[in-house]
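Letter by letter, the chains look like this.
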Amino acid sequence: MEEMTTKDFDFALINEYFVGLERQGPGSPEATTKALSFIGNFSDELKIADLGCGTGGQTMVLAQNIKGTITALDLFPGSIDKLNATAGKLGLRNRVKGVVGAMNSLPFQNEEFDLIWSEGAIANIGFEKGLNYWRRFLKRGGYIAVTYESWFTEERPAEIEKFWVDAVPEIDTIGHDISIMQKTGYVPVAAFTLPENCWIDTYFIPQKARQEEFLEKHAGNKTVEAFIANLRHEADLYSKYKQYYGYVFYIGKKL
Ligand SMILES: C[S@@+](CC[C@H](N)C(=O)[O-])C[C@H]1O[C@@H](n2cnc3c(N)ncnc32)[C@H](O)[C@@H]1O
């Protein structure tokens, strides 16, 4: 076996941790279906891409609520294996296909999709860059729906400002992000903030047991301890500062 670099190890570790969870970011079936309600004209032929799909929490909700085929893409092979297994269990294999790939180098044709979906993942490429780059893969009249971290207020306490600017340097206000959507060539159709239960019930609470078992499995491993401490810090900051930031669903249409 080749020697693993720290970066490889971190990648493997994060993958292993998150594959054990149903969702890898805040969201809920209700939020996904609410976002879908802003997108009209569903046909049997709809082609959908779900970018940064993780293990497919939102992919299955999409598949169960609209007709058409979904190509779900993520960098982590373990997440894609789990997504394809879940699609099989739910009888969705003929309509849902998970593929390993990078969202900044998509293996798709121009104007291939009617709908591009992405929950909690666009920050990995950058909000403006992602909207700009993904637009070419949408048909004219196609829709994009993404969730992205945004500030709810013009100003906020330094502690939370620093945490999020370190994590997502481009983070900005909802008004600014809607203007980016317009600037990158979409008509903004809707924007709504994800309610607290999308963070607490589907993201932080399921992680509690996962963190305990992960620490036990990797007992004495300092990298794992630091990784879990960081996740717990994120949850603490959310309960302290949730009035200042959150995820927002941005829905736009390509003319
Ligand atoms: C916060 S998780 C969200 C996962 C899922 N959409 C959800 O909401 O549960 C972000 C996902 O983006 C994926 N990701 C990060 N960088 C990526 C890239 N460059 N290309 C494709 N996927 C990427 C990660 O592997 C991870 O599954």
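Refer to the structure above for everything that follows.
Given the structure is predicted, the values throughout are model-derived calculations rather than measurements.

Rules used in this analysis
Residues numbered from 1 in each chain as written. Predicted model: local features only at pLDDT ≥ 70, side-chain atom pairs only at ≥ 80, totals over all residues. Heavy atoms only, no water. Axes fitted to C-alpha atoms, helices over the stretch in contact; angles between N-to-C directions. Helix = DSSP H or I, 4+ residues; strand = E, 2+ residues; numbered from the N terminus. Parallel < 35°, antiparallel > 145°, perpendicular 65-115°, else oblique. Left-handed = near helix turned anticlockwise from the far one by under 90°. Contact = heavy atoms within 4.5 Å. Nonpolar A, V, L, I, M, F, W, Y, C, P; charged D, E, K, R; others polar. 1 Å grid on protein atoms, 1.4 Å probe; cavity = no way out; pocket = protein on both sides within 12 Å on 5 of 7 lines; lining within 4 Å. Points joined across faces, edges and corners; volume = space filled by probe spheres on them. Phe/Tyr/Trp six-rings, centres within 6.5 Å; stacked < 30°, edge-to-face > 60°. Buried < 20%, exposed > 50% of the residue type's maximum accessible area, 1.4 Å probe, protein only. Lys NZ or Arg CZ within 6 Å of the ring centre and 35° of its normal. Near = heavy atom within 4 Å. Polar contact = N/O pair within 3.5 Å; in protein donor to acceptor, adjacent residues only side chain to side chain. Areas by Shrake-Rupley, 256 points an atom, 1.4 Å probe, with all protein chains shown as cover. Pairing = 2+ DSSP bridges.

**Some details on the packing of helix α8 (residues 197-217) against helix α9 (residues 222-241)**
- Contact geometry for α8 and α9: axes closest at 11 Å, N-to-C directions at 155°. The angle between the axes of α8 and α9 places the two elements in the roughly antiparallel class. Between α8 and α9 lies a crossing of left-handed hand. Across from Trp199, Ile200, Tyr203, Phe204, Gln207, Gln211, Glu212, Phe214 and Leu215 in α8, the residues of α9 making contact are Val224, Glu225, Phe227, Ile228, Leu231, Arg232, Glu234, Ala235 and Tyr238.
- For the contact of α8 with α9, the residue count by class is twelve nonpolar, two polar and four charged.

**So, the layout of surface pockets**
- Considered as a void within the structure, the largest pocket measures approximately 1,300 Å³ in volume.
- Taken together, 44 residues form the lining of the largest pocket, with Ile14, Phe18, Gln24, Gly120 and Asn124 sitting closest to its centre.
- Where the lining of the largest pocket is concerned, the elements lending two or more residues are α1 (6-19), α3 (57-65), β2 (69-74), α6 (158-167), α8 and α9.
- Residue contributions to the lining of the largest pocket peak at five residues, all from α1.
- Within the lining of the largest pocket, the residues separate by chemical class into 22 nonpolar, 13 polar and nine charged.
- Every residue lining the second largest pocket is counted, 14 residues in all, and those nearest its centre are Glu22, Arg23, Thr55, Gly56 and Gly57.
- Sorting the residues of the lining of the second largest pocket by element identifies α3, α4 (77-89) and α8 as the ones contributing at least two each.
- A breakdown of the residues in the lining of the second largest pocket according to their chemical character gives four nonpolar, six polar and four charged.

**What to know about the packing of aromatic side chains**
- As enumerated under the stated definition, the model contains 24 aromatic pairs in all.
- With a centroid separation of 4.5 Å and 15° between ring planes, the pair formed by Trp199 and Tyr238 is classed as stacked. With Trp199 in helix α8 and Tyr238 in helix α9, this pair connects stretches of sequence that are 39 residues apart.
- For Tyr238, a relative accessible area of 4% corresponds to the buried category.
- For the pair Phe204 and Tyr238, a centre-to-centre distance of 5.7 Å together with 50° between the ring planes defines the contact as tilted. With Phe204 in helix α8 and Tyr238 in helix α9, the pair connects residues that are 34 residues apart, well separated along the chain. In this structure, Phe204 and Tyr238 share a single accessibility class: buried.
- These aromatic residues form a ring-pair network of at least three members: Trp151, Phe163, Trp164, Trp199, Tyr203, Phe204, Tyr238, Tyr245 and Tyr247.
- In this arrangement the basic side chain of Lys47 is found over the ring face of Phe113, its NZ or CZ atom lying 5.6 Å from the centre.

**Digging into unusual backbone geometry**
- With a phi close to 55°, Glu111 is a non-glycine residue in the positive phi region.
- Mapping Glu111 onto the fold places it in the loop between β3 (96-100) and β4 (113-118).

**Quick look at the site of the ligand**
- Around the ligand, 17 residues are found, and the nearest of them are Arg23, Gly52, Asp74, Met103 and Glu119.
- The separation between an oxygen atom of the ligand and a polar main-chain atom of Gln24 is 2.9 Å.
- Here an oxygen atom of the ligand sits 2.6 Å away from a polar atom, N or O, in the side chain of Asp74.
- Out of a free accessible area of 590 Å², the ligand has 87% covered by protein chains.

**What to know about the pairing of strand β8 (residues 245-254)**
- Among the ten residues of β8, nine are classified as buried, and the element is accordingly described as predominantly covered.
- When strand β7 (residues 186-193) meets β8, the two strands line up antiparallel, connected through seven bridges. Each residue of the ladder has a partner; that of Ala190, found in β8, is Ile251.

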